[in-house]
Amino acid sequence: MSLKINTYSIAILCLLAWDSLLFAQEKTMYMERFTQLNSELQSTNPSLLGIVTDSILLNVNSYYNYGKGDFVNYYSPDQYYNAGLSTQSYNRLNNKTVVHGYASYAYYKGDNSSGTSFLYPYRMPFNFIERDEEAKGERQIEQYHLKGAISYLVSSRLSLGTKVDYQTISFAKLKDMRNANDILDLKLSSGLIYQLSDKIKLGISYKYLRYIENLEIFQEGEANIDHYALVDRGTFMGVFHVYDEQGLLKTDSHKPWVDITHGLAIQNSYHFDKNSTWFIELACQTGKGQFGNDGDNGIVYFRHTKTNYLLTTQFNFLNNTTSHIISGAASYYDLNNNEQIFKESTSDGGLQLVTYIGEKESLKRQHYDTRIRYNLLWGDNYFKAPWQLQVAYSYSNIQRQSSYYPYYRKQNITWSEINFSISKTIINKKTAFTIGCSSGYKEGRGGEPIDGSYIPFSGSTEQPDNLDHILYKEKEYLTARQLTTSATMRADYIYSKNMDIYLQLKGSCLKPFNLEYLEGDFISLSVSAGLSF
């Protein structure tokens, strides 16, 4: 698969940025600070765009990232390169209408990568994991992302909004066994906000998500060499299959994984006074999907169902010189995946028929996640606070149970992380210089597999295969004690009250301790440049 930068997409991004610049007028706050203070902009309800008061807020950003090290998760490369360009804007067209647009292009290349045939393994209810270490090779990802939203004030109290979020991704591994995946990630949302009083706004929104990852596996090397993969049921337990001309790992054929989600959310925005605000959103999402072709002569191998509950909230306490921002989020995710039982036959007319006769449990997974963060913006400046401080804490727990009847495997992994960062900005008329540093600590527990049987073991049933050496690598990556440090430098040229040109450099190092299955550390460097107006 050819992965080249699409010059037409880059041209479109530049035109969007230039068009917004032409209509820029004097504003009260730069986008970076505006988005920090208004978590409503990240809500699933697009009608909340009405909080934008400036005629234009826009950012254009280009970046290049590089990372290298041996301390990586089982599916990650030990060296990667990543570059991209993005632009986004918030634009109040008149006293009733606000629009938001976003466009980006990204390219990623990773070396010595293996472990999964799918782009996001933690999203999948199953996986194909290559058995042999010799299968490691280069992986490339190309991504295009477009978003557009509009909010319209219907009356003095009611606002309506809608949003489209469209993303296409190409993902390829360039060594046998090779895969070329085409991904569609579509999100549609609509909502309304009602001004109940001067202090209270209530909202409700609906969200539709459609994710399709179309997998194609093929071989370009010696055809007489067999390649194996574990059809992983979620805990690195399953059955080894050979890539061949039939079955689950059939080569030179397309098999889609489809995930459809519907969600409802309610929002509440409360203004205690002009300096103190509170926003909260509660959401519930349910979905289902399948792997395989659910059509004529097609076979569906797995079907899944899922439920997701989410809470996000933010408190803002502001005065003339200081902003205190306390934000939090919590989520619970439950997924069940079932293997389909079927038989194939041929009709009298020669047609291939598939008859489904049942299903059996393959995976049950629950994921709990909690995050809390405190931001202090100290100093009065519409451009950027001279002092910024952030303290963040997160807690995650994953419980998984895979089944290959009559056998099962359970796994319970917990980890938590705390991060601290501080930065200082010195502003002198037309220039600003920022230096910052951050540090984080992470540790966890659990992850040991618990194997068992639903019935007394007789020795007559086929036992499942496993890749326990990969399981322990993942366990150590998630739970090992590790320290992260980083330093950031940024220079800004304030061209006018409407435009800022910036260049930013950042370096970070992740150092783990007391390793048994992994080794080394990981360093990353990034450079970004852009415009904000």
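Everything below is about the structure shown above.
Only a predicted model underlies this, so the values are computations on that prediction, with no experimental measurement involved.

Rules used in this analysis
Residue indices begin from 1 for each chain and proceed along its sequence in written order. With the structure being a predicted model, the display of local features is reserved for residues of pLDDT at least 70 and the display and counting of side-chain atom pairs for 80 or more, all residues being used for whole-chain, interface and lining totals. Just so you know, side-chain values use all the structure's heavy atoms and leave hydrogens and water out. Only DSSP runs of H or I with at least four residues qualify as helices, and only runs of E with at least two residues qualify as strands; both kinds are numbered from the N terminus onward. Three exposure classes are used, based on accessible area relative to the maximum for each residue type with a 1.4 Å probe and protein chains only: buried under 20%, partly exposed in between, and exposed over 50%. Polar contact is defined as a pair of N or O atoms within 3.5 Å, subject to the rule that within protein one atom must be able to donate a hydrogen and the other to accept it, and that residues adjacent in sequence are counted only when both atoms are side-chain atoms. Any two residues whose heavy atoms approach within 4.5 Å are treated as being in contact. Being paired, for any two strands, means DSSP has found at least two bridges between them. Here the term patch refers to residues with relative accessible area over 30% and no salt bridge, with like charges joined within 9 Å and nonpolar side chains (Val, Leu, Ile, Met, Phe, Trp, Tyr) within 5 Å. Values of accessible area rely on a 1.4 Å probe in the Shrake-Rupley scheme; residue burial ignores everything except the protein chains shown. Between Lys or Arg on one side and Asp or Glu on the other, a salt bridge is scored when a side-chain nitrogen of the former is within 4 Å of a carboxyl oxygen of the latter. Between rings of Phe, Tyr and Trp, where Trp is taken as its six-membered ring, a pair exists when centres lie within 6.5 Å; planes separated by under 30 degrees are stacked, by over 60 edge-to-face, and by other angles tilted. Sitting over a ring, as applied to charges here, requires NZ of Lys or CZ of Arg to be within 6 Å of the ring centre and within 35 degrees of the ring normal.

What about the side chain of N316?
- Mapped onto the secondary structure, N316 falls in strand β13 (residues 300-318).
- By relative accessible area, N316 is classed as buried at 5%.
- From its side chain, N316 meets the backbone oxygen of L37 in a polar contact 2.5 Å long.
- Looking at N316, its side chain comes within polar contact range of the side chain of Q314, at 3.0 Å.
- Ignoring any residue separated from it by four or fewer positions in sequence, one finds N316 in contact with L37, N275, S276, T277, H324 and I325.

Describing the sheet that holds strand β10 (residues 237-242)
- One open sheet holds the four strands; their spatial order is β4-β9-β10-β20, and the pairing between them is antiparallel. With one partner strand each, in any of the chains shown, β4 (127-130) and β20 (465-466) form the two edges of the open sheet.
- Where strand β9 (residues 228-232) lies against β10, five bridges are found, and the strand directions are antiparallel. Bridge assignment links D232 to a residue of β10, and that residue is G238.

Topic: unusual backbone geometry
- The amide bond that connects D176 to the next residue, M177, takes the cis arrangement and shows omega of -5°.
- The topology assignment puts M177 in the loop between β6 (158-173) and β7 (178-195).
- Of note, the bond from Y405 into P406 is cis; its omega dihedral lies within 30 degrees of zero at 10°.
- Take P406: it is sitting in the loop between β16 (387-404) and β17 (407-428).
- Even without being glycine, N112 reaches a positive phi, approximately 55°.
- Located in the positive-phi region is N514, a residue other than glycine, with phi close to 55°.
- Here N514 is to be found in the loop between β22 (499-512) and β23 (522-532).

Let's talk about the environment of F272
- You can see F272 is positioned in strand β11 (residues 254-273).
- The partly exposed category is assigned to F272, whose relative accessible area is 38%.
- Between the C-alpha atoms of F272 and I200, which are 72 residues apart in sequence, the distance is 9.0 Å.
- The contact partners of F272, leaving out residues within four places of it in the chain, are K199, T277 and W278.

Here's the deal with a nonpolar patch on the surface
- A cluster of nonpolar residues, Y152, V154, L160, L192, Y194, L196, L202, I204, I266, L282 and L311, forms a patch on the protein surface that exposes about 890 Å² of accessible area.
- Mapping L192 onto the fold places it in strand β7.
- In this structure L192 comes out as partly exposed when scored by relative accessible area, which is 32%.

Comments concerning the packing of aromatic side chains
- Scanning the entire structure with this criterion turns up 29 aromatic pairs.
- Aromatic pair Y408 and Y454: ring centres 5.1 Å apart, planes at 50°, arrangement tilted. With Y408 in strand β17 and Y454 in the loop between β19 (450-453) and β20, the pair connects residues that are 46 residues apart, well separated along the chain.
- Given a relative accessible area of 37%, Y454 falls into the partly exposed group.
- Connected via pairs of aromatic rings, a cluster forms that spans F118, F126, F128, F291, Y301, F302, F342 and Y356.
- Between the NZ or CZ atom of R123 and the centre of the ring of Y211, over which it lies, the distance is 3.8 Å.
- The ring of F240 has R131 sitting right over it, with the charged end atom 6.0 Å from the ring centre.

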